[in-house]
Amino acid sequence: MIYLKMYSVLCLAVLPLLWSHNADAAAVISIDFGSEWMKVGIVSPGVPMEIVLNKESKRKTPAIVAFRDDVRTFGEDAVTVGVRFPKNSYKYLLDLLGKPYDHPLVQAYKQRYPYYDIVATERGTPQFVHDENTRYTPEELVAQLLAKAKEFAEINHGQQISECVITIPGYFNQAERRAMKEAAALAGLNVLQLINDYTAIAINYGIFRRKEINETAWHALFFDMGAASTKAALVEYKNVKIKDKGYVETVPQLQVIGVGFDRTLGGHEMTLRLREHLIKAWEENGGGDVRASPRAMEKLLKESERVKVVLSANTEHYAQIESLLDDKDFKHLVTRADLEALCSDLWPRVSGVIQRAIASAGGSGSGARVILAGGASRVPAVQEALRNAAGTEPSKSINADEAATMGAVYRAASLASGYKVAALNVRDAVLFPIQVVFSRNVDGTDKLIKRTLFGPMNPYPQKKVITFNKHTDDFSFTVNYAELDHIPSEELKRIGALNLTQVALKGVSEALNKNTGDNVEHKGIKAHFNMDDSGILNLVNVEFVAEKTVTEDEDKDSTLSKIGSTISKLFGSDSELPEKTDEQAEEKPQEAEKNNTAKANETTPDKQNATEPESKPKPKLVVLKEPIAHEEKILNLQPLDSEQFKSSKAKITQLNTIDRKRVERETALNNLEAFVVDAQMKVDMDEYAQCGTPEEIEEIKKLCSEVSEWLYDDGYDAPTEMYEEKINALKEKTNSIFYKHWEHRERPDAIAAMRSMLNSSQEFLKVAKNMTKESNPEKDVFTEVEISVLEKKIEESESWLAQSIKEQKALKLNEDIKLTVDSIREKMANLDREVKYLVNKMKIWRPKKPAKKENATETVVEPEAKEEDKKEQEENADAETEKEEKVEETTTEIPKLGDEHAEHSEL
């Protein structure tokens, strides 16, 4: 509760930083998808930042999907199914996403949960065998959970949602990132960005501390221990100058400068060890072979998780399970010391994560604040290990569970159209260095050349260009992970295949031959790469580049030169990495651009011939570019092809259709049951019974009894159409009675409102009669015609009301209504229109200025009124103003229809 109150205050504080400048802007969401939980944030017009509640009104949902008896469930419902039928409940799916079947984490998953039947797909990824006819891949199951998160947001905010930002572990490789985007596409979501979870936390921390960010850099170390893994990120905050649309602007920036991680150090590992401890306690007491029962193992896992959470705040607690196995109960005392002893080898790994984060920053970040995040960071032993490693007390100033969600939704608002957010430049860092490898013939032998494309902790998003300037024929190159010495050996096994893609180029010699001549200088083959916001590497294009020296006259006639110059401008901002020998130092991208420009200037004839007479044509340097055809082949985990995507999409669509029909049927059944009970109760009440004939009341009672008996006999298996048919039949019989009851109940209030309006109108009429030219020449606001029209309208309304009341009283309660609320409302609207017309006219009326009398050559001005006359005029004016204000205050609003009338008004 303390965190919730704190977050309410923080969200109010961030309102000035984020607002919608378009009332029709579409809502966007963030999904913090973890191994154990998923949380959803939303930003929409009028709701800047908040957590979406699930159907249980909770702020986080177990990331579990289950199937039982053709019913698909999520979250807490899926947990309940999983306890009884573990094989039908799928969880910890993030550990399987984007991995081949033989991946170490996939094999470890199979050992932890032996009741799952997991086999390999055609493309080598794992899939769950649900039954003889159904199999689910991790991407399909994750897609269903993402779609459920989208549904939560749509239900809460009543609008369709299509765009999102999804958090992922920062250690995800290229295949894992592509797999998450595929899952989102299957869920019908457009991913604005995949954001590293620690970066989202850093955004959340930074947006509330914008005032602290200045030209002097300061650092924060975010330690995030979740269910499955642990990450530490060293982040630098400072103001930087950014050029945008020709303007240089100073904006705050966060840049990730160091990262450490451990994929298997998390709260779930502690839970598994505690479960093993409870299993041994059970076996020592002769409880039987609990490992052979998936249901019993699942009960132990759930109880171990509960006890672990309790021990974070208590020194001891009992683990107890009813009917664990063979109707035997289990109870065992667990102390915090027991848990810490079971996990004694885990605590030193905490310091290892911190040390790797600091080491990867190259010594930067001294004096950094240590910030705790992640649910498992609440374990006292973890905090003690962190305190020893960092040498300072960790701060708990952010919501450990929701910081990533809130940071990601802020990022979503900054990327979506229709929202304006306070600038916060975000620069993430590459964890796994990427290099380009190719061969080149040197002195008759092929030599393998390696060039670093993205080094460790290189910032992204960023564009890079690598130049091949020695190749004259078609060739190929590969893109790989490399220089991974900073990654622990255990983690290297979990990265997966190190070879990413192979690119084959075609038409190189043709491009070279097409651009030859004495005034043409070849600049090589340039491959343009882009590491986008999601950390996914893309090969943008490959092109041959040359520089041609032409005179100004030739340049005017050269269409090719014009096109080349235009294209050159398009790529002018790209960073370049020219090909180098092994001995040459690597040029930074920005420096490479400067060096290329300097070389071009040195060889430009314009400079050499600066002293020549102006009459001679001046040479000019033109950049020529020729696209090179290329074929890119992914070497690691293959993405879904179009047929596989369609097949998975159709499977999910079918499940959604089944769910929708089930919900429609359940809703129709609930509506029918509720209507039968409501109708039976009402017709037994005198106030409703008097609104119908005895025959009608008896017929309704009989019909309700028949429907009720049918429901309890065979009705619960009936189709949706049958429920709708029966409820429509009941409504047809009851709506007339319910409508008459509503009219009789609401009529007195409507009559009272109209009488009040008539009284107010009469008062206004009295005042208005004194504001005509005939009665008061100095205040001729209204004409006699206007006064007479209002007077006639009041008289007609009073007469109509009196006559209608008389006629209605002569009728029985079950007869057709003569004086309806709608008719009263209509009469009031007509009268109100007349009164408002005159009131508005009175508001805009201004007295005429006194006329000036002219006499021959002199202008005679009327003498000023005496002091006593002035005072009397002011008092009269004040009295008139008070009357006007009184008239405005007594104008009566037309009453609105009640809910019950709205339900039956169509009849």
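Above this text sits the structure in question.
On a predicted model such as this, the values are computed, not experimentally measured, just so you know.

(A) Just the nonpolar core, in detail. F33, L146, M180, Y237, F477, I525 and F529 are the most contacted members of the largest nonpolar core, which has 137 residues in total. With residues up to four places along the chain from it excluded, the contact list for F33 reads M38, A63, L94, V142, L145, L146, T167 and M180. Counting 42 residues, the second largest nonpolar core, distinct from the first, contains I279, V290, L324 and V379.

(B) Representation of the side chain of N54. Relative to the assigned elements, N54 resides in the loop between β4 (47-51) and β5 (61-62). Reaching out from N54, the side chain makes a polar contact with the backbone nitrogen of E56 at a distance of 3.0 Å. Here the side chain of N54 touches T61 through a polar contact of 2.9 Å, side chain to side chain. Residues within four places of N54 in sequence aside, it is in contact with K60, T61 and F152.

(C) Region of the structure containing the pairing of strand β22 (residues 434-442). Two elements, β22 and strand β23 (residues 445-454), share 9 bridges in a ladder whose sense is antiparallel. Bridge pairing in β23 places V442 opposite T445. The antiparallel hairpin formed by β22 and β23 contains 2 residues in its connecting segment, where D443 sits at a positive phi of about 55°. Inspection of the sheet shows β22 paired to strand β26 (residues 476-481) by 5 bridges, in the antiparallel sense. Paired with Q435 across the two strands is N480, which belongs to β26.

(D) Examining the packing of aromatic side chains more closely. Scanning the entire structure with this criterion turns up 31 aromatic pairs. Relative to Y116, the ring of Y90 lies with its centre 5.6 Å away and its plane at 25°, an arrangement referred to as stacked. Of the two residues, Y90 is situated in strand β8 (residues 89-90) and Y116 in the loop between α3 (104-112) and β9 (118-120); the sequence distance between them amounts to 26 residues. The exposure class of Y116 is buried, given its relative accessible area of 7%. For the pair Y113 and Y115, a centre-to-centre distance of 6.3 Å together with 55° between the ring planes defines the contact as tilted. The exposure class of Y113 is buried, given its relative accessible area of 1%. By way of ring pairs, the aromatic residues F67, Y90, Y92, Y109, Y113, Y115, Y116, F128 and Y136 are connected into one cluster. One cation-aromatic arrangement involves K60 over W37; the distance from NZ or CZ to the ring centre is 4.3 Å. Residue placement shows R68 over the ring face of F85; its charged tip is 3.7 Å from the ring centre.

Reading the values: the criteria
Residues numbered from 1 in each chain as written. Predicted model: local features only at pLDDT ≥ 70, side-chain atom pairs only at ≥ 80, totals over all residues. Heavy atoms only, no water. Core = buried A, V, L, I, M, F, W, Y, C linked by side-chain atoms within 4.5 Å. Buried < 20%, exposed > 50% of the residue type's maximum accessible area, 1.4 Å probe, protein only. Contact = heavy atoms within 4.5 Å. Helix = DSSP H or I, 4+ residues; strand = E, 2+ residues; numbered from the N terminus. Polar contact = N/O pair within 3.5 Å; in protein donor to acceptor, adjacent residues only side chain to side chain. Pairing = 2+ DSSP bridges. Phe/Tyr/Trp six-rings, centres within 6.5 Å; stacked < 30°, edge-to-face > 60°. Lys NZ or Arg CZ within 6 Å of the ring centre and 35° of its normal.

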